[in-house]
Amino acid sequence: GVAAAPVLARGKQRLLEAGFHRVDYLELREAATLAPLERVDERPARLLTAAWLGHTRLIDNVAVGPKS
């Protein structure tokens, strides 16, 4: 596994490059408990985000990992 922080930082940057003007959060969480994950590894996880596109705040999550 690799440290999640640089991966999440790159993800935030890509959201900004795609036209979002503010990212409130982009977090990697353990799928079953939603506990924060500090490493990207083989555990099932969820990626959670809230970001602004114009005047609209979009909130979403997606499953990531081997069982997504």
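First things first, this report covers the structure right here in the doc. Just so you know, these numbers come straight off a predicted model, no measurement behind them.

What follows concerns the pattern of salt bridges. One pass over the structure, following the stated rule, counts five salt bridges. Among the ionic pairs, arginine 10 bridges to glutamate 17, the shortest N-O distance being 3.6 Å. Overall, the relative accessible area of 53% leaves glutamate 17 in the exposed class. The closest approach of N and O atoms between arginine 57 and aspartate 24, which form a salt bridge, is 2.7 Å.

Here the focus is the sheet that holds strand β5 (residues 56–64). As a general point, the strands of a sheet are linked pairwise by backbone hydrogen bonds and lie either parallel or antiparallel. Reading across from one edge, β2-β4-β5 is the order of the three strands in this open sheet, with antiparallel pairing throughout. Single-partner strands in this sheet number two, and they are β2 (22–30) and β5. With strand direction ignored, the average angle separating the axes of adjacent strands in the sheet is 10°. With eight bridges connecting them, β2 and strand β4 (residues 45–53) associate as antiparallel partners. Looking across to β4, one finds that leucine 28 is bridged to leucine 47. Across the face of the sheet, helix α1 (residues 4–17) comes into contact with β2 and β4 while running at roughly 145° to β2.

Let's shift gears to the pairing of β4. Summarising the sheet, β4 and β5 pair through nine bridges and their orientation is antiparallel. When the bridges of β5 are listed, alanine 50 appears paired with isoleucine 59. Counting the residues between successive antiparallel strands, the hairpin from β4 to β5 contains two residues, one of them, glycine 54, with a positive phi of roughly 65°.

This brings us to the environment of lysine 12. Residue position: lysine 12 is located in helix α1. Overall, the relative accessible area of 34% leaves lysine 12 in the partly exposed class. Discounting chain neighbours no more than four positions away, the residues touching lysine 12 are Val23 and Leu26.

Even without a glycine there, the phi angle at leucine 34 is positive, about 65°. Mapped onto the fold, leucine 34 is located in the loop between β2 and β3 (39–40).

Conventions adopted
- Residues numbered from 1 in each chain as written.
- Predicted model: local features only at pLDDT ≥ 70, side-chain atom pairs only at ≥ 80, totals over all residues.
- Heavy atoms only, no water.
- Salt bridge = Lys/Arg side-chain N within 4 Å of Asp/Glu carboxyl O.
- Buried < 20%, exposed > 50% of the residue type's maximum accessible area, 1.4 Å probe, protein only.
- Pairing = 2+ DSSP bridges.
- Helix = DSSP H or I, 4+ residues; strand = E, 2+ residues; numbered from the N terminus.
- Axes fitted to C-alpha atoms, helices over the stretch in contact; angles between N-to-C directions.
- Contact = heavy atoms within 4.5 Å.

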